Every structure is written in C-alpha cells, then in structure tokens.
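Each chain, written out:
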Amino acid sequence: MKVISNSTDLDTSKWEKIIVEGSKNSQLRSWKENILETKLCIVISLIVAIFAGVKQLEEEKKRKRADEIKQAIDTFDTIIMNDFPKALLITLKLIWD
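Residues numbered from 1 in each chain as written. Predicted model: local features only at pLDDT ≥ 70, side-chain atom pairs only at ≥ 80, totals over all residues. Heavy atoms only, no water.

The helix and strand inventory of the protein chain stands at two helices and two strands. Written out in order from the N terminus, the α and β elements of the protein chain read β-β-α-α. Compactness check: the protein chain gives a C-alpha radius of gyration of 35 Å against a globular reference of 13 Å for 97 residues, more than 25% above the reference. The principal-axis extents of the C-alpha atoms in the protein chain amount to approximately 100 × 25 × 25 Å. Across the 97 residues in the protein chain, those meeting the buried criterion constitute 3%. Averaged over its 16 positive side-chain charges, the protein chain has a centre that lies 5 Å from the centre of its 15 negative ones. (Helix = DSSP H or I, 4+ residues; strand = E, 2+ residues; numbered from the N terminus. Rg over C-alpha atoms; globule rule 2.2 N^0.38 Å. Buried < 20%, exposed > 50% of the residue type's maximum accessible area, 1.4 Å probe, protein only. Lys, Arg positive; Asp, Glu negative; His and termini not counted. Charge placed at Lys NZ, Arg CZ, Asp CG, Glu CD.)

With respect to the helices, strands and loops of the structure, Val20 is situated in the loop between β2 (8-10) and α1 (23-82). Taking C-alpha positions, Val20 is 23 Å from Ile35, a pair spaced 15 residues apart along the chain.

Throughout the structure, instances matching the rule amount to five salt bridges. Residue Glu21 is joined to Arg29 by a salt bridge in which the shortest nitrogen-to-oxygen separation is 2.6 Å. For Glu21, a relative accessible area of 34% corresponds to the partly exposed category. The residue Arg29 makes a salt bridge to Glu33 at a minimum N-O spacing of 3.4 Å. Linking Arg29 with Glu33, this pair stays in helix α1, spanning four residues, or about one helical turn. (Salt bridge = Lys/Arg side-chain N within 4 Å of Asp/Glu carboxyl O.)

The next subject is the packing of α1 against helix α2 (residues 84-96). The N-to-C vectors of α1 and α2 enclose an angle of 140°; their axes lie 6 Å apart at closest approach. Judged by the inter-axis angle, α1 sits oblique to α2. Counted together, Phe76, Ile79, Ile80 and Asn82 of α1 and Phe84, Lys86, Ala87, Ile90 and Thr91 of α2 form the full contact between these two elements. (Axes fitted to C-alpha atoms, helices over the stretch in contact; angles between N-to-C directions. Parallel < 35°, antiparallel > 145°, perpendicular 65-115°, else oblique. Contact = heavy atoms within 4.5 Å.)

The residue Ser30 is located in helix α1 in this model. Classification of Ser30 by relative accessible area gives partly exposed; the value is 31%. Measuring from C-alpha to C-alpha, the distance between Ser30 and Leu57 comes to 41 Å, with 27 residues separating the pair along the chain.

Written out as structure tokens, the structure reads:
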C-alpha cells in the first residue's frame with residue numbers, strides 16, 4: 001500500500017493496520033483522550049494537595065510541641081525562683097514519668 005502525506009511517501013512496511021476514521025469519530029476520540037488526561041491531572045493534584053496538607057499538619061504539631069516545651073521551661077524557671085522544693089517535686093515526677 002502506498003500512503004502519501006504532505007507530498008512525501010510514508011514507509012508503511014512496519015504498520016500493522018491503517019484505520020480511516022471520519023471527523024466525528026476523530027473528535028470523539030480526541031475528547032476521550034482529553035478527559036482521561038484531565039482526570040489524571042486532577043488525581044495528581046489531589047495527591048499533591050493531600051501530601052502538602054499532611055506535611056503542614058506535621059509542621060504545626062512540631063511548632064505546638066516546641067511552644068509547649070518553651071512554656072514548660074519558662075514555668076519551671078519561675079517555680080524555681082519562687083518555690084524551690086516544689087520545683088524539685090515536679091522534677092522528680094517528670095523523671096519518674
């Protein structure tokens with residue numbers, strides 16, 4: 001079979017079959033491909049958004065924990081200055097915990 005495209009002979013020896021489709025079928029196939037590509041992009045976007053959300057939650061937990069530790073240190077410093085025996089009891093409870 002001889003196929004010409006833009007005045008150039010095409011090598012069809014390795015082609016298995018040639019399908020001739022009309023403009024309606026071509027447009028339908030194009031729409032299906034575009035829908036599949038769009039769905040893939042949406043799925044990828046959702047995965048990235050979920051990953052970013054989880055990462056943000058982890059960072060928030062780390063910040064909260066750092067704030068709690070800082071607050072505990074500040075409170076402990078205040079207790080040491082005001083009531084040293086109470087500070088020792090709190091320290092012993094934390095150590096035993």
